[in-house]
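Descriptive analysis of the structure
One-letter residues, chain by chain:
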Amino acid sequence: MKRLPSKCPSCGSILNITELTCEKCETIVKGKFQLNRFLMLSQQEEEFLLVFLISRGNLKEVQERLNISYPTAKGRLEDVIKSLGLSEEEKKEGKEEKIEKIEEILKKVEKGEITGEDALKMIEEEEYE
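Residues numbered from 1 in each chain as written. Predicted model: local features only at pLDDT ≥ 70, side-chain atom pairs only at ≥ 80, totals over all residues. Heavy atoms only, no water.

Two elements, strand β1 (residues 17-21) and strand β2 (residues 28-33), share four bridges in a ladder whose sense is antiparallel. Residue pairing for β2: Ile-17 is matched across the bridge by Phe-33. Taken together, β1 and the strand that follows it, β2, pair antiparallel across an intervening segment of six residues, in which Glu-26 is found at a positive phi of about 65°. (Pairing = 2+ DSSP bridges. Helix = DSSP H or I, 4+ residues; strand = E, 2+ residues; numbered from the N terminus.)

A separate point is helix α2 (residues 59-66). Turning to α2, its buried residues number three or more, namely Leu-59, Val-62 and Gln-63. Angular distribution of buried residues about the axis of α2 spans 100°; they occupy a single face of the element. Within α2, the exposed residues directed more than 90 degrees away from the buried face are Lys-60 and Glu-64. Residues of α2 that are buried in the fold lie against α1 (43-54) and α3 (70-83). Capping the start of α2 is the job of one residue whose side-chain oxygen sits 3.0 Å from the backbone nitrogen of Lys-60: Asn-58. Positive backbone phi, approximately 55°, marks Asn-67, located one or two places after α2. (Buried < 20%, exposed > 50% of the residue type's maximum accessible area, 1.4 Å probe, protein only. Arc of directions from axis to C-beta. Contact = heavy atoms within 4.5 Å. Polar contact = N/O pair within 3.5 Å; in protein donor to acceptor, adjacent residues only side chain to side chain.)

So, on to the packing of aromatic side chains. Counted according to the given criterion, the structure contains one aromatic pair. Judged by centre distance (6.2 Å) and plane angle (20°), the ring pair of Phe-48 and Phe-52 falls under stacked. Taken together, the residues Phe-48 and Phe-52, both in helix α1 and four residues apart, mark about one turn of the helix. Given a relative accessible area of 2%, Phe-48 falls into the buried group. (Phe/Tyr/Trp six-rings, centres within 6.5 Å; stacked < 30°, edge-to-face > 60°.)

Rendered as structure tokens:
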């Protein structure tokens, strides 16, 4: 079975799911759905995470199972953490970026460029990105 693509092959942006279909009854559900963060992992990161879980988080055992050095195992774990958006640095950057976008939206309301209702919709959309 093929892996579900998570990034646009043209520009590299994260893809959204817009349609789901039931194979049995052919019901179609349309909307804007985010990909699960685990689907964002590369195949190598996914394989590493599986071995990490099987090893109950023991990096020495991961190192042995994958026949890699301890620093490589530790580096791959850091890569998985970053890809999942769990590093403290990325969390901080993400919060700052969201605050800036919300401030921009509020400035537009202040200037009369958009309504308060439009602003709420834009902020809600921002929460799901």
